[in-house]
Amino acid sequence: MPLTEELRLIQVADLHLGAGREHHLDNWRKVLAWVERERPDMAVINGDLIMSDPDTESDHEFARTQVDRLGIPTRFLPGNHDVGDNVLFGKMAQRVTPERLARFRRHYGEDHWSFAAAGWGFVGVNAQLFGSGGLAAEAEQWAWLERSLAQLDGKPIVLFTHKPLFLDFPGEGDHEDPTMRQSVVDAASRARLLALAHAHDVRIVSSGHKHQTRTFSLDGIYHFWGPATACVNGPPTTLHYGTREVGFIDYRFRSDGTFEHRVTGADFLFRHENYIRKLCDPDTH
Ligand SMILES: [Fe+2]
Ligand SMILES: [Fe+2]
């Protein structure tokens, strides 16, 4: 009888590293030490690699160098701080442009990808392209996503996206408040994504961006909000939907279709309160 194959994959998100900046690097060094010890098979870097401004070239160089120190295969997805925020529903001053996308690809490779391993399919989408207001790259990604999911038919699928799909329920509209609105994928793109997810066998949606841990299952899909490795976000009085902690997700996917996950790091990373630093230095994260 063949042994069950297993893929141990970690999702790290929201590293927020900056060239010449010490903060958040202490946590990153702890992640590097953990990976050195545990030797997972690969890592998905789920967006917000750099400190804050997507146009800071030196931060991208620095973040790429740091991620390479993991010494394991990696796949990258962009966050709002890497390529700019979503054109139609974002909040940051910098929005997605072809130039920012090109910069990301130059530093990290493809901004969306798919592969199969241990009997599972893995698909990473560039969440920053949703609601782009007509960028060619968005249409190209939708066509690619439909093809990629079809190619993985017959396998359980994990979908990685920097932004979660929704806050409360799939049918919710786009929020009026810009902070809430930019937290998740816009309603129209979400409906299209969920229809595709249900047409194929998507079992997990794994996201970053909120710097909070949260898990729920709905209609056969587990939604995992992964924490940040860098810091928690906003003052304690801010409305939070998940647990205000730092860490990363340690997944094990098995060829019999089962999986395990463990959110780790909250007990050994520094739970940096980024709002305290931001009060003193608005250009930081
Ligand atoms: Fe972030
Ligand atoms: Fe983000």
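Overview of the structure. The shown structure was predicted, so the numbers you read here are calculated from the model rather than taken from an experiment. (Residues numbered from 1 in each chain as written. Chains lettered and ligands numbered in written order. Predicted model: local features only at pLDDT ≥ 70, side-chain atom pairs only at ≥ 80, totals over all residues.)

### With respect to the sheet that holds strand 9 (residues 221–225)
Quick reminder of the rule: If DSSP finds at least two bridges between two strands, the strands pair. Only DSSP runs of H or I reaching four residues or more are called helices, and only runs of E reaching two or more are called strands; each is numbered from the N terminus. Inter-axis angles, ranging from 0 to 180 degrees, are taken between N-to-C directions of lines fitted to C-alpha atoms, where helices are fitted over the stretch in contact.
Strand order in the open sheet made by the six strands is 4-5-6-7-9-8, with mixed pairing throughout. Of all strands in the sheet, those with a lone pairing partner are strand 4 (113–117) and strand 8 (214–218), marking the two edges. Strand-to-strand twist of the sheet, defined as the mean angle between neighbouring strand axes without regard to direction, takes the value 15°. By the bridge criterion, five bridges tie strand 5 (residues 120–125) to strand 6 (residues 157–161) in an arrangement that is parallel.

### Some points on the pairing of strand 11 (residues 259–264)
Taken together, the six bridges between strand 10 (residues 248–254) and strand 11 define a ladder with antiparallel strand orientation. Bridging across to strand 11, isoleucine 249 finds its partner in valine 263. From the end of strand 10 to the start of strand 11, which pair antiparallel, there are four residues, and glycine 257 there has a positive phi angle of about 90°.

### A short note on helix 2 (residues 57–68)
Condition: Take the number of residues in a helix, subtract one, and multiply by 1.5 Å to get its expected span. Exposed residues have 12 or fewer other C-beta atoms within 10 Å of their own C-beta, buried residues have 20 or more, and residues in between are partly exposed; the C-beta atoms are placed from the backbone. Directions from the helix axis toward the C-beta atoms define the arc.
For helix 2, built from twelve residues, the straight-helix expectation of 16 Å at 1.5 Å per residue is met to within 8% by its first-to-last C-alpha distance of 17 Å. Listed in full, the buried residues belonging to helix 2 are Asp59, His60, Phe62, Ala63 and Val67. Projection of helix 2 onto a plane perpendicular to its axis shows the buried side chains occupying an angular sector of 165°, all on one side. Opposite the buried face of helix 2, at more than 90 degrees from it, the exposed residues are Ser58, Thr65 and Asp68.

### Comments concerning the sheet that holds strand 1 (residues 6–12)
One open sheet accounts for five strands, arranged 3-2-1-10-11; its pairing is mixed. Each edge of the open sheet carries a strand with a single partner, namely strand 3 (74–77) and strand 11. Within this sheet the neighbouring strands show an average axis-to-axis angle of 20°, counted without direction.

### Focus on unusual backbone geometry
The phi angle at aspartate 48 is positive, at roughly 55°, despite the residue not being glycine. Along the chain, aspartate 48 turns up in the loop between strand 2 (42–46) and helix 2. Here aspartate 48 falls in the buried class, since 28 other C-beta atoms lie within 10 Å of it. Unlike most non-glycine residues, aspartate 219 shows phi in positive territory, near 50°. Within the secondary structure, aspartate 219 is located in the loop between strand 8 and strand 9. By C-beta crowding, aspartate 219 is classed as exposed, having 8 other C-beta atoms within 10 Å.

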